[in-house]
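Letter by letter, the chains look like this.
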Amino acid sequence: MINIETPTYYSATRKYNLSFPTLESDIDADVVVIGGGFSGINTALELAENGITNVVVLEARHLGFGGTGRNGGQIMAGIGHDLEKIKSSVGDQGVREIFALSELGAGIIKQRIARYDIDADFCHGYGYMGFNKRQEKTLRAWEKDFQAINDRDEIRFLGGSEVKQIIGSDAYSSALLHMGGGHVHSLNLLLGEAQALAGHGARIFENSPALQVTYGERITVRTGRGSVRASKLLWACDSFLDKLEPELHARTLNTYAFQLVTEPLPDELIERISPIRGAYSDIRPVIDYFRVTRENRLLFGAATSVVERIPLDLKAWNRALMLKIFPYLKDVRIDLAWGGPMATSANLFPQIGTLSHRPNAFYVQGYSGFGVTPSHIVCKILAEGMREGSARYDLLSSVKHSRIIGKDYLRPLLLTGGKAAHQLSGYFNGRR
């Protein structure tokens, strides 16, 4: 198993010296949130900004311990992997409406950073990268699709030698530049948002794992040393749910992603790697993703493409992938490598809604590897649903969530089969 206590780039470069107490009493609230990552903190902040400030957030470890503190930091357009997979739930019009929502994420993050003066190293510039003619065709179509819903930012297709305008690699033959996207230090973003949440009067508790939940008109969440009684509950644990709520546990399957970060690199080498100092990913069903950091490091991440496994040597495994894109980095030292679980859903689309027959017990989970930007969209809409409801909440919560049979015993086999099918479908939708 992977050691999730391993330091990450984010924990090593955090700028906020925030800590919150352990819950040691019995308290009351309007809303109790289980989970102190982007989903929990963002939803709570959206509620607080709209007047619901009697909110309690319970985090089992420390804020950002989960996926929020161990990701790529990519700010990219989109929600989910392939909207065609949810058409049966929402129809053609619903797909169009959700696609339009997919451009909101970067704006929400930038507004949040500006409003609360969050120091999160936001940098503009995103490249969607293609290897072949099929992917080039897809990127040309994406150019038109993105331009149709975004007339604010530079969005343009690059082919052939033009690709070198944004990246120093011979691996790619095409690219789609999207200057509305970019990258961010995700842990500092979260901590800045948590500081803002506390400033609204919400209460945050760390090292306070939920041990028991009793449902009813008032919901009680018990921890080791205290309890919270609230009118509404939000489950926001994602890949760290740990079977606490069986209904939610049955709907996602944990897979793993892995990242590394290089030593600080000279300015001229960073300029060669990324003339725009941006973030990048290819468009294959299982992507490589990377970006440069403020400290002139290259952060590179990936997951296993077909066979679900955890590499024995994360530095060596990810370094081999990095060198396929940037062979001239062969002598560069790798300072850190880490990884962690991410909850995937059967249709690779985030899940929000309420538990069966429990209208005051809400949930959000299943970002399937794309959570930094979509979480800010999804949780804004989730907060609308937790307040008085909205058409956007009704739309996202109408997406059907399938149970994953055999997940507790056949996880590697199910993930391997799913990845193989996902790769095969990539040949037919222009992503392989």
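Residue positions are given per chain, counting from 1 as you read along its sequence in written order. In keeping with the predicted nature of the model, local features appear solely for residues at pLDDT of at least 70, side-chain atom pairs appear and are counted solely at 80 or more, and the whole-chain, interface and lining totals rest on all residues. To get the side-chain values, all heavy atoms of the structure are used, and hydrogens and water are removed first.

Engineer: Before we move on, could you go through the overall build of the protein and cite the residues and values that matter?
Structural biologist: Runs of E in the DSSP output that reach at least two residues are strands. Runs of H or I that reach at least four are helices, and both are numbered from the N terminus. Assigned secondary structure in the protein consists of twelve helices and 17 strands. In terms of principal-axis extent, the alpha carbons of the protein reach across some 60 × 45 × 45 Å. Only protein chains enter the accessibility calculation, which uses a 1.4 Å probe; a residue whose area is less than 20% of its type maximum is buried, one above 50% is exposed, and one in between is partly exposed. Put simply, the protein has 432 residues, and 59% of those count as buried. Contacts were defined at the residue level, with two residues in contact if any of their heavy atoms lie within 4.5 Å. For the protein, contacts bridging at least 24 residues in sequence account for 76% of all contacts bridging at least 6. Residue-level accessible areas treat just the shown protein chains as cover; the underlying method is Shrake-Rupley with a 1.4 Å probe. Entry remark: accessible area of the protein is about 17500 Å², with carbon and sulfur atoms responsible for 51%.

Engineer: Can you break down the side chain of Q259 residue by residue, with the values?
Structural biologist: Along the chain, Q259 turns up in strand β11 (residues 252–262). Within 3.5 Å is the distance limit for a polar contact, defined as a pair of N or O atoms, with the added protein rule that one can donate a hydrogen and the other accept it, and that residues adjacent in sequence qualify only through two side-chain atoms. For Q259, the side chain forms a polar contact with the side chain of Y289, separated by 2.5 Å. The contacts of Q259, once residues within four sequence positions are left out, are R70, N71, Y289, L299, F300, G301, N318, L336, A337, W338 and G339.

Engineer: If you had to explain helix α4 (residues 105–116) to someone new, which residues and values would you point to?
Structural biologist: In this analysis, the expected span of each helix is defined as 1.5 Å times one less than the number of residues it contains. Taking 1.5 Å of rise per residue, the twelve residues of α4 would be expected to cover 16 Å, and the 17 Å separating its terminal C-alpha atoms lies within 8% of that figure. When we look at burial in α4, the residues that qualify are G105, A106, I108, I109, R112 and I113. Angularly, the buried residues of α4 cover 165 degrees about the axis, an arc narrow enough to put them on a single face. Opposite the packed face of α4, turned more than 90 degrees from it, sit the exposed residues Q111, A114 and R115. On its buried side, α4 packs onto α2 (38–49), β3 (74–75), β6 (174–183), α6 (186–199) and α10 (372–387). Residue D117 follows α4 closely and has a positive phi angle near 50 degrees. This arc is taken over the directions from the axis of the helix to the C-beta atoms.

Engineer: Please provide a residue-by-residue account of the pattern of salt bridges, values included.
Structural biologist: A side-chain nitrogen of Lys or Arg and a carboxyl oxygen of Asp or Glu constitute a salt bridge if their distance falls within 4 Å. With the rule as written, the count across this model stands at 29 salt bridges. Residues R112 and E193 are paired through a salt bridge, measuring 3.2 Å at the closest nitrogen-oxygen approach. Separated by 81 residues along the polypeptide, R112 in helix α4 and E193 in helix α6 bring together distant segments of the chain. You'll find R112 and E193 in the same group, each marked buried. Here E308 ties to R411 by a salt bridge, and the two come within 3.2 Å at their closest N and O atoms. Of this pair, E308 sits in the loop between β14 (298–302) and α9 (314–325) while R411 sits in helix α12 (residues 407–428); the two residues are 103 residues apart in sequence, bridging distant segments of the chain. Among the ionic contacts, a cluster of salt bridges with common partners joins E46, E49, R112, R115, E193 and K380.

Engineer: So what's going on with the nonpolar core? Residues and values would help.
Structural biologist: Grouping buried Ala, Val, Leu, Ile, Met, Phe, Trp, Tyr and Cys residues that are joined through side-chain atoms within 4.5 Å yields what is termed a nonpolar core. Counting residues in hydrophobic clusters, the biggest one holds 62 residues, and the most contacted among them are I98 and L197. With eight residues, α10 is the single largest residue contributor to this core. Setting aside residues up to four positions removed in sequence, L197 forms contacts with I41, A44, L45, A48, V57, A202 and I204.

Engineer: Describe the pairing of strand β2 (residues 55–58), and please don't skip the residues or the numbers.
Structural biologist: Alternating residues of β2 divide into V55 and V57 and V56 and L58, and every residue in both groups is buried. One requirement defines pairing of two strands: DSSP has to find at least two bridges between them. Sheet topology places strand β1 (residues 26–34) next to β2; four bridges connect them, and they run parallel. Paired with V32 across the strands is V56, a residue of β2. Here a crossover is taken to be right-handed if, once the strands point away from the viewer, the path from the first strand over the helix to the second is traced clockwise. Crossover connection from β1 via α2 to parallel β2: handedness right-handed.

Engineer: Report on the packing of α2 against α4, specifying residues and quantitative values.
Structural biologist: In a packed pair of helices, the relevant descriptors are the angle between the two axes and the axis-to-axis distance. What counts as an axis is a line fitted to C-alpha atoms, over the stretch in contact for a helix, and the angles between N-to-C directions run from 0 to 180 degrees. Contact geometry for α2 and α4: axes closest at 14 Å, N-to-C directions at 60 degrees. Crossing of α2 against α4: the hand is left-handed. In this structure, α2 uses N42, L45, E46 and E49 to contact α4, whose residues at the interface are R112, R115 and Y116. The nonpolar class holds Ala, Val, Leu, Ile, Met, Phe, Trp, Tyr, Cys and Pro. Asp, Glu, Lys and Arg form the charged class, and all remaining residues, Gly among them, are polar. Split into classes, the residues belonging to the contact of α2 with α4 amount to two nonpolar, one polar and four charged. Take the far helix as the reference: if the near one is turned anticlockwise from it by less than a right angle, the crossing is left-handed, and if turned clockwise, right-handed.

Engineer: Lay out the packing of aromatic side chains with the relevant residues and their values.
Structural biologist: Pairing of aromatic side chains here covers Phe, Tyr and the six-membered ring of Trp, requires ring centres within 6.5 Å, and sorts the geometry by plane angle: under 30 degrees stacked, over 60 edge-to-face, intermediate tilted. Inspection of every chain in the model, using the stated rule, returns 15 aromatic pairs. Ring centres of Y128 and W142 lie 5.8 Å apart, and the angle between their planes is 90 degrees; on these two criteria the pair is classed as edge-to-face. Separated by 14 residues along the polypeptide, Y128 in strand β4 (residues 123–130) and W142 in helix α5 (residues 133–149) bring together distant segments of the chain. These aromatic residues form a ring-pair network of at least three members: F99, Y126, Y128, W142 and F146. Above the plane of the ring of F65 lies R61, whose end atom (NZ or CZ) is 4.3 Å from the centre. Geometrically, a lysine NZ or arginine CZ counts as sitting over a ring once it is within 6 Å of the ring centre and also within 35 degrees of the ring normal. Above the face of the Y328 ring, R272 is positioned so that its terminal group lies 3.5 Å from the ring centre.

Engineer: Kindly report on a nonpolar patch on the surface, identifying the contributing residues and their values.
Structural biologist: To count toward a patch, a residue needs a relative accessible area over 30% and no salt bridge; like charges are then connected within 9 Å, while nonpolar side chains (Val, Leu, Ile, Met, Phe, Trp, Tyr) are connected within 5 Å. On the surface, a cluster of nonpolar side chains totalling about 400 Å² of accessible area is made up of Y409, L410 and L413. Mapped onto the fold, L410 is located in helix α12.

Engineer: Describe in detail the environment of V57, supporting the description with residues and values.
Structural biologist: Here V57 shows up in strand β2. Apart from the residues within four sequence positions on either side, V57 is in contact with V33, G35, G36, I41, A44, L197, R203, I204 and F205.

Engineer: Lay out the pairing of strand β13 (residues 289–292) in plain terms, naming residues and giving numbers.
Structural biologist: By the alternation rule, side chains of β13 split into Y289 and R291 and F290 and V292, which are all buried. Bridge count for strand β12 (residues 279–282) against β13 is three bridges, and the pairing is antiparallel. The partner of S281 across the bridge, within β13, is Y289. Turn length for the β12-β13 hairpin, with the two strands adjacent in sequence and antiparallel, is six residues. Inspection of the sheet shows β13 paired to β14 by four bridges, in the antiparallel sense. Bridging across to β14, F290 finds its partner in F300. Hairpin connection from β13 to β14: five residues lie between these consecutive antiparallel strands, with N296 at a positive phi of about 70 degrees.

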